[in-house]
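# Tertiary structure, described
As a plain string of letters, each chain reads:
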Amino acid sequence: MTDSEKFHKNDSVRVKQDCPTSPTKRTPQYVRGMAGIVDAYYGEVVDPEFNYDHRVSWGPLYRIVFDWSELYKDRKNQKSKFYVDLHESWLEPF
Amino acid sequence: MVTHTEDAGLHIRAVFEDAEYWRTKRLEPVMFQLLRKGRITFHDLMHDPPEIAPVLQDPSKQPSIEDSVEMLELNLGKYINGIEIAAQVARDAYFIDEQRKDAGIYDPELKIVHRTFDITSTESEQLSAVERMLEDYYDVLQVYLNALIVRGFILRDKLKEMLEAPIPPKFENGAKIVARAWTDEKFKQSLLEDAKQTLREIGIAVYRSPKLVVLENTDDVHNVIVCTLCSCYPYAVLGNPPWWYKDDSYKQAIVSDPRKTLKEMFNFSIPESREIKVYDSTSDLRYFVLPRLPAKGKMLKEEDLWKLVTPESLIGVGEPRSEIKD
């Protein structure tokens, strides 16, 4: 891990609606535009043994936690959380 | 929705769904791409199916329907293994992202049509229909493998050797990892800290897994995994996931209402007091769940504990069995 990450554990972030400049288009629709909290920072994970999917880094990767009540405002009082792995380029401070 | 069950008809259905998944997502999109790029030609594919991959067995000649289904599952395993090896062989010639496009992951208009499963016929009719389908698919795979040889991707002998090597891991691997974590606290802690390194140390080949994270269930927290974007799963360690894991009906429902989905699709109730955490593996990490040891499990011998673990419990859509089934 390096110290160069833009976000840190417990930071509030928002997922961008779209990010044409990101090296990956892969961000689930249901979290786009949603606010979440940084749960873990994984660094840049391109496994040297695993070049099957992509050979260049997709940028720093975070695990972001979303609360059920944020994702589904009409359905409160559910004890559920969603953890989604997202790349830094898709995140903005919130 | 089909849940884990011993019912033969449902096993046949699962083979059907898996075969369709592998054909439409993993094999045909890559073939399209190589054809488009001129790396193989239609003419290369105009051959009688050669015998490169191990031959399929005839499941109809088995003493019982269960044995027939098992044979069918073995045939499916050969089909999947052949597709995985073909992907490995042609890896430098295609892009995964284009494969996704060709598979219709980004644009439903481009989706390759899925066949539908005939649930009205009898089990033995279903069995022979799925077997015929698999044989057709296997022919296409063999012709494609032959094209890869003809176009110089790999030498015939080398390819045959790869195809004849033992078929890689199944979920039993995961079951044994879980059983060890239940009995060995130190192993468990190390597994939770760095799963990949820990598994490598006990001799499990993790070479194709990216980072691996094990999620421990507790009395307060229940974990569930999904991959809403495709079907990420710790394949290298656990083999292939059950077919519904790759199905939109599961993926969409579990991120929309996990508690209700677990109840309705898997008949698995989780009390309101227990928090549900859903992990969506959207990028380079792979997850699996470490379920809780069932109460009666404490009475079992250590070497039998793994028999309690089901594929569903590693995904988090069920608990382990409460006792060993015969």
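All values derive from a computational prediction rather than experimental measurement. In this convention, every chain numbers its residues from 1, walking through the sequence in written order. Starting at A for chains and at 1 for ligands, labels are handed out in the order in which the entities are written. In keeping with the predicted nature of the model, local features appear solely for residues at pLDDT of at least 70, side-chain atom pairs appear and are counted solely at 80 or more, and the whole-chain, interface and lining totals rest on all residues.

## Quick look at the overall build of chain A
Numbering of helices and strands runs from the N terminus, with a helix taken as a DSSP run of H or I at least four residues long and a strand as a DSSP run of E at least two residues long. When you go through chain A residue by residue, the secondary structure sums to one helix and five strands. Start at the N end of chain A and walk to the C end: the helices and strands fall as β-β-β-α-β-β.

## A look at the pairing of strand β4 (residues 80–87) of chain A
Of all eight residues in β4(A), eight are buried, a share of seventy percent or more. Here a strand pair is declared whenever DSSP counts at least two bridges between the two strands. As defined by bridge partners, β4(A) adjoins strand β3 (residues 275–280) of chain B across five bridges and the pair is classed as parallel. Bridge assignment links A:F82 to a residue of β3(B), and that residue is B:V278. To sort residues by exposure, count the other C-beta atoms lying within 10 Å of each residue's C-beta; 20 or more gives buried, 12 or fewer gives exposed, and values between give partly exposed, all with C-beta atoms placed from the backbone.

## Thoughts on the interface of chain B and chain A
With C-beta atoms placed from the backbone, a contact is any residue pair whose C-beta atoms sit within 7 Å. Each partner contributes to the interface: chain B provides 23 residues, whereas chain A provides 24 residues. Among the elements of the structure, α11 (258–266) and β3 of chain B are those that each provide at least two residues to the side of chain B that touches chain A. With six residues, the single largest contributor to the side of chain B that touches chain A is β3(B). Across the side of chain B that touches chain A, the residue classes break down as ten nonpolar, four polar and nine charged. Only Asp, Glu, Lys and Arg are considered charged, only Ala, Val, Leu, Ile, Met, Phe, Trp, Tyr, Cys and Pro nonpolar, and every remaining residue, Gly among them, polar.

## Description of the sheet that holds strand β3 (residues 61–67) of chain A
With mixed pairing, the seven strands of this open sheet are ordered in space as β5(A)-β1(A)-β2(A)-β3(A)-β4(A)-β3(B)-β2(B). Two strands close off the open sheet at either side, each with one partner strand: β5 (91–93) of chain A together with β2 (221–226) of chain B. Averaged over all neighbouring strand pairs, the angle between strand axes comes to 35°, with direction disregarded. Angular values range over 0 to 180 degrees, each being the angle between N-to-C directions of two axes fitted as lines to C-alpha atoms, with helices fitted over their stretch in contact. Packed on one face of the sheet, helix α10 (residues 248–256) of chain B meets β4 of chain A together with β2 and β3 of chain B and runs near 145° to β2(B). Of the strands in this sheet, β4 of chain A together with β2 and β3 of chain B are in contact with α11(B), which crosses β3(B) at around 90°.

## A look at the domain arrangement of chain B
Put simply, an interface is often sized by how much accessible area is lost when its parts join up. Residues and elements named next belong to chain B. The assigned domain composition of chain B is domain 1 (8–164) and domain 2 (172–315). Start and end positions for the domains come from either an automated domain assignment or a database one. Between the C-alpha centres of domain 1 and domain 2 there is a distance of 27 Å. Domain 1 puts six residues into the contact, and the matching count from domain 2 is five residues. Examining the composition of the side of domain 1 that touches domain 2, we find that four residues originate from one element, helix α1 (residues 8–36), more than from any other. In terms of residue class, the side of domain 1 that touches domain 2 is made up of four nonpolar, no polar and two charged.

## Re helix α6 (residues 172–183) of chain B
All names here are of chain B. Between the first and last residue of a helix there are one fewer steps than residues, each counted as 1.5 Å, and that sum is the expected span. In this model α6 runs 17 Å from its N-terminal to its C-terminal C-alpha over twelve residues, within 8% of the 16 Å that 1.5 Å per residue would give. Taken together, the buried positions of α6 are occupied by N173, G174, A175, I177, V178, A179, A181 and W182. Summarising the contacts, the buried residues of α6 are in contact with α7 (185–193), α8 (195–201), α9 (235–238), β4 (286–290) and α12 (311–315).

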